[in-house]
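Chain by chain, the residues run as shown.
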Amino acid sequence: MTSPTGALNADERLVQPEFTGTAAEYFRIWIVNLFFTLATLGIYSAWAKVRKRRYFYGSTRLDGDSFDYFASPKAILNGRIIAVAIFAIYALAGELYPHSRYAFWAAGVLAFPWLVVRALAFNSRNSAYRGLRFNFEATTKQAARVYIGMLAVVVLTAGLAFPWFMARQKAFVVSQHAFGTSRFECELPAQRFYGIYIRATLLLLAFTVPGVALIAYLTFKQYDGSVSLPESFAWLAWLLPVLPVYIGYAISYAYVQARSANLLWSKVHGPGLRFACTLSARKLTRLYFGNVIAVACSAGLLIPWAVIRTLRYRLANFSMIVAGSPVHHMNPSLAPVGASSQELGDFFNVDVGV
Amino acid sequence: MSVIEAGYFDGKSSLKRPVGIVVSRGRMKIIGRDLEQEFDARLVRRSLRIANTPRWLYLPGGGACVTSDNAAVDRITRERRYERVLHKWESRPAYAALAVALVAGMLWLLVDRGVPVAVERIAEHIPVEAEAALGRETLRALDERMMRKSALPGSRQDSLRAKFADMARAAGETTPYSLEFRQSFIGANAFALPSGIIVVTDDLVRVSRSDGEVLGVLAHELGHVKHRHTMRRLLEGSATALIIAGVTGDVASTTSLAAAAPTLLLQTRYSRDNEREADAYAVQMMRRADLDPTYLARILTRMERSSGARGTRIPTFLSTHPQTREREALALAAAGETRGPQRGKEERIDFTGLWKEDCEQLYGLQFKPLEKHGVYSVSLCGPAGCLDPGTYRPNTTVQGDPTYDVLYAEEILIKQPRGDSTSYVKCASEVMPELPDR
């Protein structure tokens, strides 16, 4: 039998993460977080975020030891306040003076590399494993070259360079991470990303085009009167056209997620370390749809169950291959970083991770 | 004296060493092979307890110990009060159940009371001038994409403008507005834009049978202007986004459709509230200007028909007039309210049930028996529920009330103030939502 991790060398051993969290336990943490967040009009959300993350980190064991997260809730709260203020100004000014949006977007693009660097640095420096902190070492200048420079290329090629950009961006994020003084390295072949994105696009079209055509046909029939919806189901007419697009999108999203994670981790290595990821696009899709249905049918109460289930599946398909027993060392020059960039990123739904 | 088994990391390397921890007389000793350290126990920080995840003890000097023995860590270090409270809440199912109930209650309070009140307060404080740029911009965008110059003769426009100005004056209304006539494929419609711009389509003027009807629609739109609905909708949108983000924060990426549905529900809910407010305002304004509110009701029906027939019904979320029948009934009710109920001879007929012109209709009247025998509260109901109890008539005996002409228990004739009458039939009550006791 061939394993997706490839053959292990003589001195290598396979380390699989163990996840001890349960949906019941996380449900209690989640609902209490939600309760205190609402009761304090959002202030507790910073503490809630830390508790949630500490629960996930503490429940994940790699080679016998769990992770630790020690971000200060107060730093996160400050970040959130700044983010909410900027969001409020953006939303109001954008509505009242529609042209001001362009100024916001321009500022957003220019500040983006700085935001990414600070957000990743905040997160990694507050994450630890075996008493050693992680770090994100890139400078804003390096990030600017990746994000602004490459985005310009993507725009100039009318999006054709997008898979190449994703490959570079992911490689950049991973290879600038360090565990103590040990750096991770990552080289991603862009042509493999093109393969992933082309297949994802075909998947999207395969589901969307027939669906939209069918709906268009039915809509036409409805207007010429040969098919009609009862008045109380008239809202379906507005939901149905969205459905095939959403389904197609979700499937190709899951496909990209699974395949690019697998590819990415197969190319990451550190001193005495390499990784393997074996997500199945089909299973991930099923997982996502199951989550949507469960969450919608339970009025949100199954959100924790969905989160734990997804995490469990992802971790079960992740493994680390360790050669010998490497010892990693502390980086003495780690300075604390503020949380506002990370919170801004969260707020404007900027996905900076991999 | 007990020994706690733990792992020790010196913080300089990832090497783990098994150690034992002993605490006595305020001193914490870490003992392992080739390792013995002693600290003032008060200087040792510990991580907060979360479920049964391993606990960390952060030692002075950068080292750390980790152990799964949560109870022992609680024993040897001083626990802060909020830690104990949080852990109690997070570990007991009964508290989780309580939290579910409290969260549901608080969300309801927030959505039903908090947001509308906050939004109203904030909207009041935003000067109308701030909306000017947005109003101009929106009108320009609509002119480019959906509307053309009005084909109505200038004299007709001027006469409608003058009549509405007279009506506003008669009603004592000083809210600034500007009236724009446009031609558009959207059919008979009218809508209010930010900064008090009211747009009326030519088709609306065309389907109207009298100027009173147009004035009724304008009064409704002025209601939107007066109550700052465009500003409120904007603020409600932001508030909704914040609530949804707060509640579903950690699954946004995997279940975005699940998050979209409640957003839509919340927004349409607020929009319906705004429509009701504008309706109530229109009826009030028309009565103050001595104009029959049933004008509004009648043109709403015709507008619905005119847009429905052309097969270009705009979706509810774009339309400013979503629930014609409910609103038609409201105006009729307001008109009917001017006369007091009259007692007649009492004959026992059960008036509970939904009364509609025909049972396929979504909107109708509900007769709810009151405590006093033979007296009913009549309300207007639609798919969204019933308006306040007694919106049509707070208490009536029906029999002997000059508004009603009871034909027999299954059919009733309702006399309209202008001499017309509408026949209603009794429909199965399951079709109808319960009358909420508000």
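Residues numbered from 1 in each chain as written. Chains lettered and ligands numbered in written order. Predicted model: local features only at pLDDT ≥ 70, side-chain atom pairs only at ≥ 80, totals over all residues. Heavy atoms only, no water.

(A) Fine view of the overall build of chain A. The secondary structure content of chain A amounts to 12 helices and 12 strands. Here chain A holds 354 residues, and the buried ones make up 47% of them. In chain A, the share of contacts with a sequence separation of at least 24, taken over all contacts with a separation of at least 6, comes to 74%. Summed over its atoms, the accessible surface of chain A is roughly 17,500 Å², and 67% of this surface lies on carbon and sulfur atoms. (Helix = DSSP H or I, 4+ residues; strand = E, 2+ residues; numbered from the N terminus. Buried < 20%, exposed > 50% of the residue type's maximum accessible area, 1.4 Å probe, protein only. Contact = heavy atoms within 4.5 Å. Areas by Shrake-Rupley, 256 points an atom, 1.4 Å probe, with all protein chains shown as cover.)

(B) Expanded view of the interface of chain B and chain A. Contact residues are listed per partner, giving 56 residues for chain B and 57 residues for chain A. Each partner contributes to the roughly 5,200 Å² buried at the junction of chain B and chain A, and carbon and sulfur atoms together form 70% of this total. Remark: the boundary between chain B and chain A carries 2 salt bridges. For A:Arg51, the salt bridge is made with B:Glu90, and the minimal N-O distance between the two is 2.8 Å. Connecting chain B to chain A are 7 residue pairs in polar contact (both at pLDDT 80 or more). Elements that contribute at least two residues to the side of chain B that touches chain A include exactly β6 (55–58), α2 (81–91), α3 (93–125), α4 (132–145), α8 (229–248) and α9 (256–288) of chain B. A breakdown of the residues in the side of chain B that touches chain A according to their chemical character gives 31 nonpolar, 16 polar and 9 charged. (Buried area = accessible area lost by both parts, 1.4 Å probe. Salt bridge = Lys/Arg side-chain N within 4 Å of Asp/Glu carboxyl O. Polar contact = N/O pair within 3.5 Å; in protein donor to acceptor, adjacent residues only side chain to side chain. Nonpolar A, V, L, I, M, F, W, Y, C, P; charged D, E, K, R; others polar.)

(C) Looking closely at the pairing of strand β10 (residues 190–193) of chain B. Residues and elements named next belong to chain B. Neither face of β10 is open: one carries Ala190 and Ala192, the other Phe191 and Leu193, and all of them are buried. Pairing of β10 with strand β11 (residues 197–201), which is carried by 4 bridges, proceeds in the antiparallel orientation. Residue pairing across strands places Ala192 opposite Ile198, the latter belonging to β11. Remark: 3 residues form the turn of the hairpin made by β10 and β11, two consecutive strands paired antiparallel; Ser195 in that turn has positive phi of roughly 65 degrees. (Pairing = 2+ DSSP bridges.)

(D) View of the side chain of A:Arg28. Residue position: A:Arg28 is located in helix α1 (residues 23–39). Although A:Arg28 is buried, it makes no salt bridge; A:Glu25 carries the closest opposite charge, 5.0 Å away. Beyond its immediate chain neighbours, meaning those up to four positions away, A:Arg28 contacts B:Glu90, B:Ser91, B:Arg92, B:Pro93 and B:Ala96. (Lys, Arg positive; Asp, Glu negative; His and termini not counted.)

(E) Quick peek at the nonpolar core. Core analysis: the largest hydrophobic core is formed by 54 residues, its most contacted members being A:Tyr147, A:Phe172, A:Phe184 and A:Leu188. Look past the residues within four positions of A:Tyr147 in its chain and what remains in contact with it is A:Phe112, A:Val116, A:Phe165, A:Gln169, A:Phe172 and A:Val173. With 33 residues, the next largest nonpolar core counts B:Ala171, B:Ala192, B:Leu218 and B:Ile299 among its residues. (Core = buried A, V, L, I, M, F, W, Y, C linked by side-chain atoms within 4.5 Å.)

(F) Molecular detail of the packing of aromatic side chains. Residue and element names in this part refer to chain A. Counted under the stated rule, the structure contains 34 aromatic pairs over all chains. Taken together, the ring pairs connect Phe112, Phe136, Tyr147, Phe162, Phe165, Phe172, Phe193 and Tyr197 into an aromatic cluster. The cationic tip of Arg53 hangs over the ring face of Tyr69; the distance from NZ or CZ to the ring centre is 5.2 Å. Above the plane of the ring of Tyr90 lies Arg101, whose end atom (NZ or CZ) is 5.7 Å from the centre. (Phe/Tyr/Trp six-rings, centres within 6.5 Å; stacked < 30°, edge-to-face > 60°. Lys NZ or Arg CZ within 6 Å of the ring centre and 35° of its normal.)

(G) Highlighting unusual backbone geometry. At A:Leu41, a position not held by glycine, the phi torsion is positive, near 55 degrees. Residue classification places A:Leu41 among the exposed positions, given a relative accessible area of 73%. Of note, B:Ser195 is a non-glycine position whose phi angle comes to about 65 degrees, a positive value. One can find B:Ser195 in the loop between β10 and β11. A relative accessible area of 22% means that B:Ser195 is categorised as partly exposed.

(H) Region of interest: empty space enclosed by the protein. Counting across every chain of the model gives 1 cavity of 30 Å³ or more. Here the largest cavity defines a volume of roughly 50 Å³. Lining of the largest cavity is provided by A:Arg54, A:Tyr57, A:Gly58, A:Phe67, A:Asp68, A:Tyr69, B:Thr53, B:Pro54 and B:Trp56. Of all the elements in the fold, those that place two or more residues in the lining of the largest cavity are α2 (45–59) and β4 (65–69) of chain A. Considered class by class, the residues forming the lining of the largest cavity number 5 nonpolar, 2 polar and 2 charged. (1 Å grid on protein atoms, 1.4 Å probe; cavity = no way out; pocket = protein on both sides within 12 Å on 5 of 7 lines; lining within 4 Å. Points joined across faces, edges and corners; volume = space filled by probe spheres on them.)

(I) Quick look at α2(B). The complete set of buried residues in α2(B) reads B:Glu83, B:Leu86, B:His87, B:Trp89 and B:Glu90. Angular distribution of buried residues about the axis of α2(B) spans 160 degrees; they occupy a single face of the element. In this fold, the buried residues of α2(B) make contact with α1 and α2 of chain A together with β5 (45–46), β6 and α3 of chain B. (Arc of directions from axis to C-beta.)

(J) Summary view of the sheet that holds strand β9 (residues 185–186) of chain A. Residue and element names in this part refer to chain A. Pairing in this open sheet of 5 strands is antiparallel, and the strands run β1-β12-β11-β10-β9 from one edge to the other. The sheet is open, and its two edges are formed by β1 (12–15) and β9, each paired on a single side. Direction of pairing for β1 relative to strand β12 (residues 318–323): antiparallel, over a ladder of 4 bridges. Across the sheet, Val15 pairs through a bridge with Met320, a residue of β12. Sheet contacts for helix α9 (residues 242–266): β9, β10 (268–270), β11 (273–277) and β12; angle to β11, the most-contacted strand, approximately 165 degrees. (Axes fitted to C-alpha atoms, helices over the stretch in contact; angles between N-to-C directions.)

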